[in-house]
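# Survey of secondary and tertiary structure
Letter by letter, the chains look like this.
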Amino acid sequence: MKLEDLPIRDDLRGRTPYGAPQIDVPVRLNTNENPYGPSASLVAELAEAVRGVTADLNRYPDRDALDLRRELAAYLGHGLAAEQVWAANGSNEVLQQILQAFGGHGRAAMGFEPSYSMHPIITTGASTEWISGAREDDFGIDPGKAVAAIEEHRPDVVFLTSPNNPTGTALGPEVIARIVEAAPGMVVVDEAYFEFARTGTPSALTLLPDNPRLIVTRTMSKAFAMAGTRLGYLAAHPAVVEALLLVRLPYHLSTLTQTAARVALAHRAELLGAVDALRAERDAIVDWLRARGLKVADSDANFVLFGLFPDRRAVWQGLLDRGVLIREVGPPGWLRVSIGTTEEMAAFRAALEEIL
Ligand SMILES: *Cc1c(COP(=O)(O)O)cnc(C)c1O
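Below, the structure is looked at part by part.

Conventions and cut-offs
Residues numbered from 1 in each chain as written. Predicted model: local features only at pLDDT ≥ 70, side-chain atom pairs only at ≥ 80, totals over all residues. Heavy atoms only, no water. Phe/Tyr/Trp six-rings, centres within 6.5 Å; stacked < 30°, edge-to-face > 60°. Helix = DSSP H or I, 4+ residues; strand = E, 2+ residues; numbered from the N terminus. Lys NZ or Arg CZ within 6 Å of the ring centre and 35° of its normal. Pairing = 2+ DSSP bridges. Axes fitted to C-alpha atoms, helices over the stretch in contact; angles between N-to-C directions. Contact = heavy atoms within 4.5 Å.

### Some details on the packing of aromatic side chains
The final tally for this structure, using the stated rule, is 7 aromatic pairs. On the numbers, 3.9 Å between centres and 10° between planes, the contact of tyrosine 60 with tyrosine 251 is stacked. Of this pair, tyrosine 60 sits in the loop between helix 1 (40–54) and helix 2 (66–76) while tyrosine 251 sits in the loop between helix 7 (238–245) and helix 8 (255–266); the two residues are 191 residues apart in sequence, bridging distant segments of the chain. Taken together, the ring pairs in this structure connect Phe306, Phe309 and Phe348 into an aromatic cluster. Here the basic side chain of arginine 336 rests over the ring of phenylalanine 303, its NZ or CZ set 5.5 Å away from the ring centre.

The following block contains the structure:
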């Protein structure tokens, strides 16, 4: 029995799944995780909180995760309340729910590439057509061209990733505002890496009050150092949250997830404490790579896109052979390295030096 022998949807035939390799090597710099896990005291507190709810695991969780949403709203600020915030198992599930509610058969979603590979995968998985718009040579988005592309294709959903993955590029609020104005449907600003942006970079949250069709998504997987918890969230008009209630599975967010996320939020000073050090490490690696004559995209995230290599696969493999796993992603010739600990970055530099 092979996959193609199954009566699978025609539009899924020949597709490949999301596949960042999960290889057990000493230095893992390929999926943009925060390299610093929780402290021993926070581990104890998380375990204690989970222990506290374990006796009630015979009961379904709070279906609307209200306490968690209230606390996420407080974290985001901007005067947001629980009714404007929604949470799910990673921002990928949030994005899937958005596509289920606002995409679907006969509808289309558009993104500006190179960008996050999951946007087209989630879009097509939700039986929605994917339209690929282009970014400029510096990986920014030209608002005039973007507006023209939106007017031509009239997408039901527009994705803007800021800071962008895999390039690290942040968008100015005026670009986002122009696109929101032109878009006939929903605009999703994926801010998975917002906490790593350079100081002074405004969030698209500032545009929410005037734009009921704008959705800003965030995650605890990156800066918050909680990728294993699977907690993503969004801020939007309360009517958007009502739309998502129509498609979400009941009790989608387990009691354990809600509990762990709330403890993490309460300890955000510790969990986000490494962000400044990671940004400094990022800026240092940008300088180091440029000093070696390499091309490096400006980054507002916890990773750096660099190149250009005639044979990027050979460089990726050379690093892996030396125990350093990075990501072969982005336009041809580019590679992406996530920012790890000081020791991990030293290992990356030593390995790359040997290869170059
Ligand atoms: C990592 C990432 C996410 C996060 O996904 P989760 O499901 O929250 O772990 C979302 N958007 C982008 C652009 C990312 O790079």
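Having seen the structure, we can now continue with the description.
### Re the sheet that holds strand 2 (residues 85–88)
The pairing of strands in a sheet comes from backbone hydrogen bonds and takes either a parallel or an antiparallel form. Strand order in the open sheet formed by 7 strands is 2-8-7-6-5-3-4, and the pairing between neighbours is mixed. With one partner strand each, in any of the chains shown, strand 2 and strand 4 (129–134) form the two edges of the open sheet. In this sheet, adjacent strand axes meet at a mean angle of 25° when their direction is disregarded. Bridge count between strand 3 (residues 108–113) and strand 5 (residues 157–161): 2 bridges; the pairing is parallel. Looking at the pairing, methionine 110 lines up with valine 158 of strand 5. Each of strand 2, strand 7 (214–219) and strand 8 (232–235) is contacted by helix 2, which is oriented at about 115° to strand 2, the strand it contacts most. Together, strand 3, strand 4, strand 5 and strand 6 (186–190) form the strand contacts of helix 4 (residues 118–125), whose direction differs from that of strand 4 by roughly 155°.

### As for the sheet that holds strand 10 (residues 303–307)
If you walk across this open sheet you meet the 3 strands as 9-10-12, and the pairing is antiparallel. Edge positions in the sheet fall to strand 9 (295–296) and strand 12 (335–338), since each has one partner strand and no second. The pairing of strand 9 with strand 10 spans 2 bridges and is antiparallel. Across the sheet, the residue bridging to lysine 295 is glycine 307, located in strand 10.

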